[in-house]
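# Results of the structural survey
These are the residues of each chain, in order.
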Number of protein chains: 2
Amino acid sequence: MRILLDVMGGDSPPEELIRGGVAAAHETNVDILFAGNLQTIRAVLARIHEQEGSHFSILPATQTITMADPPVQAVRNKRESSLVKGLVALRDKQVDGFVSPGNTGAVVAGSIFTLGRLPGILRPGIAASLPTLSGQEIIVIDVGANVDCAPKHFEGFAMMGASYAAAVKGIHEPRIALLSIGEERGKGNKLNYHAYDCLEASSLKFIGNVEGHHLLTERPVDVVVCDGFVGNIYLKAVEGGISAVTALLRRNINASARAKVGAVLMQPVFRILRDKLSYQQHGGAPLLGVNGIVVIAHGRSDAMAIQTAINVARCTATANLNKLITKQMKRENASGG
Amino acid sequence: MRILLDVMGGDSPPEELIRGGVAAAHETNVDILFAGNLQTIRAVLARIHEQEGSHFSILPATQTITMADPPVQAVRNKRESSLVKGLVALRDKQVDGFVSPGNTGAVVAGSIFTLGRLPGILRPGIAASLPTLSGQEIIVIDVGANVDCAPKHFEGFAMMGASYAAAVKGIHEPRIALLSIGEERGKGNKLNYHAYDCLEASSLKFIGNVEGHHLLTERPVDVVVCDGFVGNIYLKAVEGGISAVTALLRRNINASARAKVGAVLMQPVFRILRDKLSYQQHGGAPLLGVNGIVVIAHGRSDAMAIQTAINVARCTATANLNKLITKQMKRENASGG
C-alpha cells in the first residue's frame, strides 16, 4: 500500500511531517509518496539517512496552499500545489490514500472537485475520532466540511459515521446520537429539530440527542452527528478544555520543588494522560463521502500526529470503506430512507 | 440587599442549595429569600441551626418546574412554582436579584414574560464567565437563551457582554470577538458571516473571529459572542474536556501507590486546578437584557456553586448593570448602530 503525504501547508515545517511519514513506513509496511518541494524533501531524507526509492518517493510540487488561502480559489488557481497534485495522484490510483495537515477547506474543495462524491452522498463529512476514558474512541461527524447544512445532510453523516465505526473501528451496530444542548427531543435549534426527524426515519440505531459534557468520560454513544460548524466548535472547545488543565498543571508543577517531586512520582499517570487524550495519538480525520481515501491531519500536527493520520488512511483503505458506504447508501435509498 | 434563591428544580437536593445560600449570606451582608417547599426549607434551616427572620426568609411555593418540563408551557401552567413566584417577587421589587439552578429555558421564558426586556434589547442573552489561566475570566454570550438567531442579535449580545465586562468585571474597553472556526474573516457559517458585518458596524471594540481552542490558555479577548446553541455546545465541550483530564488523573492516581504519594505532594497544585477551573467557583451566568437581575446557576450546582451565583447576582445588582445597558443601547440606537 502506498499513501501520499502532503508535507507543505501545515503549521509544522516539512521536516517534522516527513519524519512522521518515515516513522509510519517503518512501523507498518506502507510506502510513502511525499508531495512538496523536491529539494526540501530530498535534503530531509538525506539528513535522516533514508533513501529515495520505492519505499519513499517524491511528487514534486512548486506551489503551496497556505492556511490563509481561500479554499475554492486556491484549489482552482494553484494546480501545481502539493495538495492539488496529491489529490490528482490519488484520483489516478498512483496511491491508495492521501494525508494532509494543510488548509482543511482546500482539502475538502479539492477532494470534491478532483475525486467526486460517492454515489448517493449529498455532502462529504469529516469524521473525527475522539479519545474517551473507556479506551474506545467516539466518532464525531461532521467537524468542518459543511458549515451550513440542511436536516437531510445529517442522515448522510450518520450513515457514513456508522460505516466508519463498524468497518474501521470494529464497532458492531454503532449507536448514533445528535449533538445538542439537552437530551430531551425538543432541545436544540430548528436545524437539529428537523435533523432529529431525518435520523429517526433512517434505518440506523439512532438513540436521540446527546450533550457534550460527558462524551469523553461516559461515552454514551459510538457516533455523534452534527453540522460542520458546530462539530468544529465542539472539537476545538474540547481541545481548549484539555489544554487548559494540562497547561495549568505544567505551570504550577514548575513553580514548586515539592510539586516537581510529586510530578516525577506521577510520571506514569501523566504518560497515560498524554497517550490517552492527546490529538497526536488520535489525530487523522477521514473526509468521508468522496471517491478516494482522504485523511485530514490536525494543522499543528507533529511527526507522531502524522504517523497516526497515515495509519488512519491505511486502515480506512484496508477496510474498503468507500465500497461499504456506497453499498449502504444504495440500500438506504432503495428502502426510501 | 436581598437575593431570591430558587431551591427547587436543580439537580441537587434543596438542602445543598440552601446551604449555598446560607454560606453566601454569611460571607457578605446579603439577605436570602428561599423560594420552594415551605416544610423542606424550614426543616433544613432548623437542621443547620439558622433562624427564619429578616436574614433568611421563605417564599412558599407548592409547584416545581423540572428540567424535563417544556419551558413555555411550564411557565404558563405552573404559576405556583418557585421559579415563577420568584420572578414575580423580583418584578415586584421584593428582592434585588433572582438565582436559580433550574430549567434554563423556563428561567429565560419566565423572565421575559414576567420582567420584560430592557428598552432596545431584541433578545436577552446568557453571559457565562469562564476561568482562564491569566486569572481573569472571559465572558461568553449567548450560552443558551436563543438557539436560533439572526445576525442583528449578535450586536445586542456584544453590547450587553461588553457592559457586563466593564461594569461587573472591571475591564476597560472590552475587546469583543465572534466565536468561529477560523480566524480569517471568511471562516464560519452564513450566520456568522453576516453577524461579523453587524459587529464591525457597531461602536464596539470588535477584533474579529476567534477560535475555541486557546480561549482559556491565551485569553485573546474579553468577550466572545455567539448564538445560544453554539455557545452552549462550546461551554459543555470545555467542561467535557476538563472533566476528561481530571477523571483520568483521579482514576490512575488511585490505581497506583507511587502515584498516590506523588499526588499528595502535588496537592497544592491540584487545589489551584480545582480553584481555577471548576464551574463551582465560576458558575452563575446572568441573563442580560431582561428588566431585573436574573442569574442562572449550573443545573448540577452544589452549595459552593450557588454561593458563587449569589455573589454574581449581588455584584451585578450593585453595579447597576441594567441602567448601564439601557443607556448604552440608547446611545447605540441614536448613532444608528
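Small disclaimer: the values here were computed from a predicted structure and weren't measured. (Residues numbered from 1 in each chain as written. Chains lettered and ligands numbered in written order. Predicted model: local features only at pLDDT ≥ 70, side-chain atom pairs only at ≥ 80, totals over all residues.)

### Observations regarding the overall build of chain A
- Tallying secondary structure elements over chain A gives 14 helices and eleven strands in all.
- Relative to a compact globule of 337 residues, whose C-alpha radius of gyration would be 20 Å, chain A shows 20 Å and is just as compact.
- The principal-axis extents of the C-alpha atoms in chain A amount to approximately 60 × 60 × 35 Å.
- Contacts in chain A between residues far apart in sequence, at least 24 positions, make up 73% of those at least 6 positions apart. (Helix = DSSP H or I, 4+ residues; strand = E, 2+ residues; numbered from the N terminus. Rg over C-alpha atoms; globule rule 2.2 N^0.38 Å. Contact = placed C-beta atoms within 7 Å.)

### Points about the sheet that holds strand β9 (residues 223-225) of chain B
All names here are of chain B.
- With mixed pairing, the eleven strands of this open sheet are ordered in space as β3-β2-β1-β4-β11-β10-β5-β6-β9-β7-β8. Edge positions in the sheet fall to β3 (56-60) and β8 (205-210), since each has one partner strand and no second. The mean angle between the axes of side-by-side strands here comes to 25°, regardless of whether they run parallel or antiparallel.
- Across the sheet, helix α5 (residues 104-115) lies against β4 (97-100), β10 (285-288) and β11 (294-296), angled at about 170° from β11, the strand it touches most. (Pairing = 2+ DSSP bridges. Axes fitted to C-alpha atoms, helices over the stretch in contact; angles between N-to-C directions.)

### Some words on the packing of helix α11 (residues 267-277) of chain A against helix α9 (residues 228-254) of chain B
- For the pair α11 of chain A and α9 of chain B, the least separation of the axes is 10 Å and the interaxial angle reads 140°. Between α11 of chain A and α9 of chain B, the interaxial angle falls into the category oblique. With respect to the hand of their crossing, α11 of chain A and α9 of chain B are arranged in right-handed fashion. Residues Val 269, Ile 272, Leu 273, Lys 276 and Leu 277 of chain A of α11 of chain A form the contact with α9 of chain B, whose own contacting residues are Ala 244, Val 245, Leu 248, Leu 249, Asn 252 and Ile 253 of chain B.
- Taken together, the residues of the contact of α11 of chain A with α9 of chain B sort by class into nine nonpolar, one polar and one charged. (Parallel < 35°, antiparallel > 145°, perpendicular 65-115°, else oblique. Left-handed = near helix turned anticlockwise from the far one by under 90°. Nonpolar A, V, L, I, M, F, W, Y, C, P; charged D, E, K, R; others polar.)

### Let's talk about the domain arrangement of chain A
Residue and element names in this part refer to chain A.
- Examined at the domain level, chain A breaks down into domain 1 (2-121 + 289-317) and domain 2 (125-279).
- Averaged C-alpha coordinates put domain 1 and domain 2 at centres separated by 25 Å.
- Elements with a contribution of two residues or more to the side of domain 1 that touches domain 2: α5 (104-115) and α13 (303-318).
- Per element, the largest residue contribution to the side of domain 1 that touches domain 2 is three residues, and it comes from α13.
- For the side of domain 1 that touches domain 2, the per-class residue count stands at five nonpolar, four polar and no charged. (Domains from an automatic or database assignment.)

### A few points about the interface of chain A and chain B
- Between chain A and chain B, the contact holds 55 residues from the first and 55 residues from the second.
- Those elements that provide at least two residues to the side of chain A that touches chain B are α8 (215-218), α9 (228-254), α10 (257-265) and α11 of chain A.
- The biggest single contributor to the side of chain A that touches chain B is α9 of chain A, with 21 residues.
- Looking at side-chain class alone, the side of chain A that touches chain B contains 31 nonpolar, 16 polar and eight charged residues.

### Here we look at the confidence of the model for chain A
- When pLDDT is averaged along chain A, the result is 94; 99% of the residues meet or exceed 70.
- Complex prediction metrics read pTM 0.95 and ipTM 0.94. (pLDDT = per-residue confidence, 0-100.)

### Considering the nonpolar core
- Residues Val 224 and Val 225 of chain A together with Val 224 and Val 225 of chain B are the most contacted members of the largest nonpolar core, which totals 236 residues.
- What Val 224 of chain B contacts, discounting residues up to four positions off in sequence, is Ile 138, Ile 139, Val 140, Ala 177, Leu 179, Val 210 and Leu 215 of chain B. (Core = buried A, V, L, I, M, F, W, Y, C linked by C-beta atoms within 7 Å. Buried ≥ 20, exposed ≤ 12 C-beta atoms within 10 Å, placed from the backbone.)

### Brief notes about α5 of chain A
Residue and element names in this part refer to chain A.
- The end-to-end C-alpha distance of α5 is 16 Å, a good match for the 16 Å that twelve residues give at a rise of 1.5 Å each.
- Within α5, eleven of the twelve residues are buried, which leaves the element mostly enclosed by the surrounding structure.
- All buried positions along α5 are accounted for by Thr 104, Gly 105, Ala 106, Val 107, Val 108, Ala 109, Gly 110, Ser 111, Ile 112, Thr 114 and Leu 115.
- Where α5 is buried, its residues meet α3 (71-77), α4 (82-91), β4 (97-100), β10 (285-288) and β11 (294-296).
- Residue Gly 116 follows α5 closely and has a positive phi angle near 80°. (Expected span 1.5 Å × (residues − 1).)

### With respect to α9 of chain A
- Here α9 of chain A contains 27 residues, and its C-alpha end-to-end distance of 38 Å stays within 8% of the 39 Å for a straight helix at 1.5 Å per residue.
- When you tally the buried positions in α9 of chain A, you get 20 out of 27 residues, the bulk of the element.

### A short note on the relation of the copies chain A and chain B
- Expressed as a screw transformation, the operator carrying chain A onto chain B has a rotation angle of 180° and an axial translation of 0.0 Å, and the superposed copies differ by an RMSD of 0.0 Å. Accordingly, the operation relating the two chain copies is best matched by a two-fold axis. When C-alpha distances to the rotation axis are compared across chain A, the minimum falls at Gly 262 of chain A, with a value of 1.9 Å.
- Here 100% of the contact residues of chain A are again contact residues in chain B; the copies associate through an equivalent surface. (Least-squares fit on C-alpha atoms with pLDDT ≥ 70 in both.)

### As for the sheet that holds strand β5 (residues 125-130) of chain A
Residue and element names in this part refer to chain A.
- Ordered by their spatial adjacency, eleven strands build an open sheet running β3-β2-β1-β4-β11-β10-β5-β6-β9-β7-β8, and the pairing between neighbours is mixed. Strands with a single pairing partner mark the edges of an open sheet, and in this sheet they are β3 (56-60) and β8 (205-210). For this sheet the average axis-to-axis angle between neighbouring strands, irrespective of direction, equals 25°.
- Against the sheet, helix α1 (residues 14-27) engages β1 (2-6), β2 (31-36) and β3, with an angle of about 165° to β2.

### Here's the deal with the environment of Gly 144 of chain A
- Position of Gly 144 of chain A among the secondary structure elements: in the loop between β6 (138-141) and α6 (151-167).
- Once the C-alpha coordinates of Gly 144 of chain A and Cys 226 of chain A are considered, the two residues, 82 residues apart in sequence, prove to be 9.8 Å apart.
- Apart from the residues within four sequence positions on either side, Gly 144 of chain A is in contact with Thr 104, Ile 126, Gly 228, Gly 231 and Asn 232 of chain A together with Ile 181 of chain B.

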